Amino acid sequence: MPTKTALPPEISSQLQKHIRGQVLTDTPSRGRYATDASIYQQFPVGVVIPEDAADIETALAVAREHSIPVLPRGGGTSQCGQTTGVALVIDNSKAFRKILQVDPAKATAEVEPGLVLDHLNANLKKHGLWYPVDVSTGGQATIGGMAGNNSCGSRSLAYGNMVHNVLGIDAWLADGQLAQFGNYGQSSGTAKQLGDFVKGLANRLQPEIEAMFPKVMRRVAGYNLDVFHPQSELPYTKDGSVNLAHLLVGSEGTLAYFKSLQLKLAPLPQHKVLGIVNFSSFYRAMDSAQHIVKLGPTAVELVDRTMIDLARHNPSFKKTIESALIDAAGPTPEAILLVEFSGEAHAPLLERAAALNELMSDLGLANTVVSMPDAALQKNLWEVRKAGLNIMMSLKGDGKPVSFIEDCAVPLEHLAEYTSALTEVFSKYGSRGTWYAHASVGTLHVRPILDMRRDGAQKMRAMAEEASELVRRYKGAYSGEHGDGLCRGEWITWQFGPKITDALREIKHAFDPDNLFNPGKIIDPPKMDDSSYFRFPPEYKIIPLKTNLDWSAWNVQNNPVTEETSAPGSGGDPALGFSKAVEMCNNNGHCRKFDAGTMCPSYRVTRDEKHLTRGRANTLRLAVSGQLDAAPGEDPLTTTAVKEAMDLCVSCKACRRECPTGVDMAKMKVEYLSHYKKRHGHTLRDRLVAHLPHYAPMVSRIPGLPALLNIRNRIPAIAKLQEWITNISAERTLPIWRSDTFWNAPIDSAASAAQYRFTPEQLQEESKAVVLLVDTFNAYFENENVHAAIQVLRAAGYQIHIPQMDTAYSASTTEQKCSKQFCCGRTYLAAGMVDEAKARLGALVDHLAPYAERGIAIVGLEPSCLFTLKDEALVMGFGQKAVAVSQKAQLLEEFLVDEFKSGKLKLNLKPADRSVLFHGHCHQKAFAAVAPALELLQLIPNANPTLIESSCCGMAGSFGYEVEHITVSKQMAELSLLPAVRLAPDSWVVADGTSCRHQIHDGTQREALHIARILAAHLQ
Ligand SMILES: Cc1cc2nc3c(=O)[nH]c(=O)nc-3n(C[C@H](O)[C@H](O)[C@H](O)COP(=O)(O)OP(=O)(O)OC[C@H]3O[C@@H](n4cnc5c(N)ncnc54)[C@H](O)[C@@H]3O)c2cc1C
Ligand code: SF4
Ligand code: SF4
């Protein structure tokens, strides 16, 4: 039974004493390891994050001594609950992840289990090799976890599952000894003895094995007792030999702890061509799969109408998915099949794609194939297909697509019958299935929408019973990809019968007589619908919370058939939508990525679950549902547990865009901070940061004061003193104060700021007009950027309005008396001062709305300020005005590129004498505004702009100045940004964010420029 009891202190001290890595026993840490990507939750008794093999050996010895179960863990992305347990979790993914050896000639590799698949493949590329079990979670799934689950990739038709691609496993057994599992004929010692034992069982049960094991490739249930009498469509070994490592593959951590794995690699296909077949009938799509596989594709993958529609409505995926449609502007097809051909040369693949076309014509489906020979387009489309489940999971409300019969495998000739029969089952229970994935091998993923807090468990049981009847009718496998875990364990007996189940128990006993490894999985599992294992059991309750931001868009319920959501605010959330926003995280682990994109910069540096979007979402979920150790009546967002989890979140907004379910942690951080600071108070540093727009005008106007303040950057002792008083790091230079600010100095010979004032009506009269937002950072510290923007806009013939306070506003606050400048409230949000931010942002929105409503573009220079108008302003209760403003708000480059594309902009630009390196601000990336910057830079002859593939620069507003964060800040910058800048000493470096420019300066002593300045410098 799930319990929240932690390891006794004496055992945890024993571990702490002998282990170099981390030992975590506090409730929040255990809570972050209580879930995988399933519907289940079980608190582990503790978590060990080993540094090396010796740590694991020690942990296993301590666990054995005290009879504490052990649960090995990789990325924790399993969908069936096999990676949850009341056990000592050992997380291999942080440090136990080395590539031990690669033999390119033999095409083999040996790796530690915590290595992530994509990292292995990135390393193998130089040898022209890859590990071809290409699971959708390749950026997160570890080799150990993949072997634990017998995982299967999209191209299993060509390469098989894990069991077909593991050559050997060195594993610790329950008694602590290390055994080598490999070729049975060459085995010795305990591995041989265990092999002999299993062979005896297999020989005794040969008739049952032949009768009960499904004859499909996709069968992952139970243990692979059939190694001695193979039943899979694809033999486990090419020469028919028996490999004992295959007994461990799919054992879900229940037999032994993998120390290293020997893998069979494959040549990396040089060329690929994709044919995408569009179907107007789902049944026809399913029926066609059996014919298509005869053309010898490496993959045939299904994406159904619901998923295509969801992708079409997702800004990140829309363009890509529409490139796969016969009519990109037309109605959505009922299904598409992605048919991939790969090989050494391109031309023969094009012929095979042509053959696909012919086949479809022969099947009466002429003109249904989109041919996609371009590798980049293919890559993008595979990303959408891989994000399939996550796109579905972005459904708001308590009903969620649930995994429990999501990977039943049936022979291809029955696929159409099976899917339509199961669709009828779904509708009988008031739900609907969305189908996708591996049509090539008869394993289609489908997850009916169920509300596990209400009647989900009963429906799940009823549907599972009916699905099992169908699987039996079509001689399929009930568990075909994701494993057994808590969800399908009870179906092992159903699949194999009592005799084989007993044999599996004997195998477990022979390997692990004291039930040390992952108990309750495969052997003696609970019922799939035992709600005491659920993450959202019926008794799950949310602590009422008064929120400072408007979360009503999440506070909805959905219709499981139409997937329509109810009106905002009607979802019944006692936390007014905040908890439902938090619960959008389904634990799929996509935020554990290191490749392209930004999410999640703090995890990229620390590799700690606590500093990961998923870890934060889990912490918040546990907090708002009262599962952390908060005092009664305590606001759950004010606890230390939440503070620690949110501490390294740099509010980069990457998760908002890159998390497939749209978990928006930056917004949650504002909410958390506002609660936390209300209770614990603001520090001096908070105030210094938040009120910068307030005092910057005053400082700049007092003669001599800017120069005096700037001395701090030159005299270390003053910087140290300031650090002591304010906790602003002495290692960091501060922005240079100046008296010639934008508001003090004339703009050009023609005008001062006062002359850039037009009413909305006046501006509307102009053929080319724009509102230019002047923010605090650019106005008071880098006014050259504003001047440059004005110069460019004027050169292009635009009439410019610069928002400035008039007397009606200037009475309201002190700073406004001193400054004409509006404020977006960003610095206040960063300090959790939501009310102050609302007051300032509200005034700005009021000012801008009449311009926006007249269709006039609102252009900003500083991404963090500008995107506040497109993001936070929409959850502050400003209503329709804010929506109008958000729709017209753009960065300078977005505006100029749009104008250029519509033929309105003509800039006469001279050639650049150097190439341009561009770094995108995180918020710019989060709002897809990097591409326009590159497009704009391409207008400068010879600029040849290159994007620096970087995550967050690490400065993130005030984060990089904070004494406790400066090290992490620098580490973030060193991940890729600063090395890329150093590698290009002769390039212009362009960065729109003031913080990014500062970080680049501090880390490389190079001056990065705002895009406005590069443009202005190249005006003829
Ligand atoms: C969105 C999404 C898409 C997915 N797509 C696919 C897919 O395409 N194909 C597929 O097959 N699966 C898929 N999965 C399931 C899952 O991602 C894979 O099974 C993955 O291989 C698990 O890797 P992991 O590192 O997260 O393993 P974990 O979940 O951490 O562990 C998996 C099992 O292996 C055991 N284990 C881990 N390390 C060891 C070790 N050192 N020794 C012994 N046992 C160990 C664990 O105890 C556990 O039982 C998907 C999941 C999600 C959420
Ligand atoms: S935060 Fe998003 S990406 Fe990360 S696990 Fe949760 S849903 Fe997945
Ligand atoms: S806002 Fe950025 S740092 Fe924070 S959780 Fe999201 S991706 Fe990570």
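Values in this document were obtained by computation on a predicted structure and should not be read as measured data.

What counts and how
Residues numbered from 1 in each chain as written. Chains lettered and ligands numbered in written order. Predicted model: local features only at pLDDT ≥ 70, side-chain atom pairs only at ≥ 80, totals over all residues. Heavy atoms only, no water. Helix = DSSP H or I, 4+ residues; strand = E, 2+ residues; numbered from the N terminus. Buried < 20%, exposed > 50% of the residue type's maximum accessible area, 1.4 Å probe, protein only. Contact = heavy atoms within 4.5 Å. Areas by Shrake-Rupley, 256 points an atom, 1.4 Å probe, with all protein chains shown as cover. Lys, Arg positive; Asp, Glu negative; His and termini not counted. Charge placed at Lys NZ, Arg CZ, Asp CG, Glu CD. Expected span 1.5 Å × (residues − 1). Near = heavy atom within 4 Å. Nonpolar A, V, L, I, M, F, W, Y, C, P; charged D, E, K, R; others polar. Pairing = 2+ DSSP bridges. Axes fitted to C-alpha atoms, helices over the stretch in contact; angles between N-to-C directions. Salt bridge = Lys/Arg side-chain N within 4 Å of Asp/Glu carboxyl O. Patch = residues over 30% accessible without salt bridge, like charges linked within 9 Å, V, L, I, M, F, W, Y side chains within 5 Å. Core = buried A, V, L, I, M, F, W, Y, C linked by side-chain atoms within 4.5 Å.

S.K.: Can you tell me about the overall build of the protein chain, naming the residues and giving the values?
M.R.: A tally of regular secondary structure across the protein chain gives 45 helices and 26 strands. By principal-axis analysis of the C-alpha atoms, the protein chain measures approximately 95 × 70 × 55 Å. When each of the 1020 residues of the protein chain is scored for burial, the buried share is 63%. Within the protein chain, residue pairs in contact and separated by at least 24 positions form 74% of the contacts whose partners lie at least 6 positions apart. When the accessible surface of the protein chain is split by element, carbon and sulfur atoms take 53% of a total near 36,300 Å². The average position of the 104 basic charges and that of the 109 acidic charges among the side chains of the protein chain differ by 3 Å.

S.K.: Residues and numbers for helix 16 (residues 415–428), please.
M.R.: Under the 1.5 Å per step criterion, the end-to-end length of helix 16 is 20 Å for 14 residues, consistent within 8% with the ideal 20 Å. Taken as a whole, helix 16 has its buried residues at Leu415, Ala416, Tyr418, Thr419, Ala421, Leu422, Val425 and Phe426. As for helix 16, its buried residues are in contact with helix 10 (282–292), strand 17 (435–438), strand 18 (443–446) and helix 17 (456–473). Count one or two residues on from helix 16 and you reach glycine 430, which has phi positive near 70°.

S.K.: Can you lay out the site of ligand 2 for me, pointing to particular residues and giving the numbers?
M.R.: Not every one of the 13 residues close to ligand 2 is listed here, only the nearest: Cys585, Asn588, Gly589, Cys591 and Cys659. The residue makeup of the shell around ligand 2, split by class, is five nonpolar, seven polar and one charged.

S.K.: Describe the site of ligand 3, with residues and values.
M.R.: In the vicinity of ligand 3 there are 13 residues, among which Cys600, Arg616, Cys649, Cys652 and Cys655 approach most closely. Within the residue set of the shell around ligand 3, elements represented by two or more residues are helix 22 (613–624), helix 24 (654–658) and helix 25 (665–680). Of the residues that constitute the shell around ligand 3, the class distribution is nine nonpolar, two polar and two charged.

S.K.: Help me get a handle on unusual backbone geometry, residues and values and all.
M.R.: A cis amide bond, omega -15°, links methionine 599 with the succeeding residue cysteine 600. Located in the positive-phi region is asparagine 150, a residue other than glycine, with phi close to 50°. Structurally, asparagine 150 is set in the loop between helix 5 (143–149) and helix 6 (156–159). For asparagine 942, which is not glycine, the phi dihedral falls at a positive 70°. Relative to the assigned elements, asparagine 942 resides in the loop between helix 41 (930–937) and strand 25 (946–947).

S.K.: Break down the sheet that holds strand 12 (residues 271–279) for me, citing the residues and quoting the values.
M.R.: Taken together, six strands build an open sheet; the order of strands is 15-12-14-13-17-18 and the sheet is antiparallel. Only two strands of the sheet have a single partner each, and these edge strands are strand 15 (369–372) and strand 18. Between one strand axis and the next, the sheet turns through 20° on average, direction left out of account. Direction of pairing for strand 13 (residues 299–304) relative to strand 14 (residues 335–343): antiparallel, over a ladder of six bridges. When the bridges of strand 14 are listed, aspartate 304 appears paired with alanine 335.

S.K.: Summarise the pattern of salt bridges; cite the residues concerned and give the values.
M.R.: Overall, the coordinates contain 59 salt bridges when judged by the stated rule. Residue arginine 656 pairs with aspartate 871 through a salt bridge whose shortest N-O separation is 3.5 Å. In this pair, arginine 656 is assigned in helix 24 and aspartate 871 in the loop between helix 37 (863–870) and helix 38 (880–888), connecting sequence segments 215 residues apart. Looking at arginine 656, the relative accessible area reads 27%, which means it is partly exposed. Residues joined in a network through salt bridges with shared partners are Lys653, Arg656, Asp664, Lys667, Arg826, Asp871 and Glu872.

S.K.: Just give me the short version of a nonpolar patch on the surface, but keep the residues and values in it.
M.R.: Residues Leu684, Leu721, Trp724 and Ile725 make up a contiguous nonpolar surface patch of about 490 Å² in total accessible area. Take the nonpolar patch: its biggest share by element is three residues, from helix 29 (residues 716–726). Take leucine 721: it is sitting in helix 29.

S.K.: Which residues make up the pairing of strand 18, and what values go with them?
M.R.: Neither face of strand 18 is exposed, since Thr443 and His445 on one face and Leu444 and Val446 on the opposite face are all buried. The hairpin formed by strand 17 and strand 18 contains four residues between the paired strands, and glycine 442 there has a positive phi angle of roughly 70°.

S.K.: Explain the sheet that holds strand 23 (residues 889–891) to me, and be specific about the residues and the numbers.
M.R.: Pairing in this open sheet of four strands is parallel, and the strands run 21-20-22-23 from one edge to the other. Each having just a single partner strand, strand 21 (799–801) and strand 23 make up the two edges of the open sheet. On average, each strand axis in the sheet is inclined to that of its neighbour by 35°, with strand direction left out of account. As judged from the three bridges shared by strand 20 (residues 769–772) and strand 21, these two strands associate in the parallel manner. From the neighbouring strand, alanine 769 faces strand 21, where its bridge partner is glutamine 799. Packing against the sheet, helix 32 (residues 783–795) makes contact with strand 20 and strand 21, and its axis sits at approximately 175° to strand 20.

S.K.: Talk me through the environment of aspartate 835; I want residue IDs and the actual numbers.
M.R.: Looking at the secondary structure, you find aspartate 835 in helix 36 (residues 834–853). Aspartate 835 gets classed as partly exposed once you look at its relative accessible area, which sits at 46%. Between the C-alpha atoms of aspartate 835 and glycine 21, which are 814 residues apart in sequence, the distance is 43 Å.

S.K.: Explain the nonpolar core to me, and be specific about the residues and the numbers.
M.R.: Phe578, Phe742, Leu772, Ile802 and Leu869 are the most contacted members of the largest nonpolar core, which totals 147 residues. Looking at which element gives the most residues to this core, the answer is helix 36, with ten residues. Leave out the neighbours within four places in its chain, and phenylalanine 742 touches Ile747, Ala753, Val774, Ala779, Asn783, Val786, His787, Ile790 and Ile802. Counting 60 residues, the second-largest nonpolar core is a separate cluster that includes Ile405, Met460, Ala467 and Tyr478.

S.K.: Which residues make up the pairing of strand 20, and what values do they have?
M.R.: Side-chain alternation along strand 20 places Ala769 and Val771 on one buried face and Val770 and Leu772 on a second face that is also buried. Both strand 20 and strand 22 (residues 857–860) contribute to a ladder of three bridges, which runs parallel. Bridging from a neighbouring strand, leucine 772 pairs with valine 859 of strand 22.

S.K.: Help me get a handle on the side chain of arginine 826, residues and values and all.
M.R.: Mapped onto the fold, arginine 826 is located in helix 35 (residues 826–830). For arginine 826, a relative accessible area of 12% puts it in the buried group. Once residues within four sequence positions are removed from consideration, arginine 826 is found in contact with Lys653, Ser864, Thr868, Glu872 and His923.

S.K.: Lay out the side chain of threonine 443 with the relevant residues and their values.
M.R.: Tracing the chain through its elements places threonine 443 in strand 18. Classification of threonine 443 as buried rests on a relative accessible area of 0%. Discounting chain neighbours no more than four positions away, the residues touching threonine 443 are Arg218, Asp407, Cys408, Ala409, Ala437, His438, Gly480 and Glu481.

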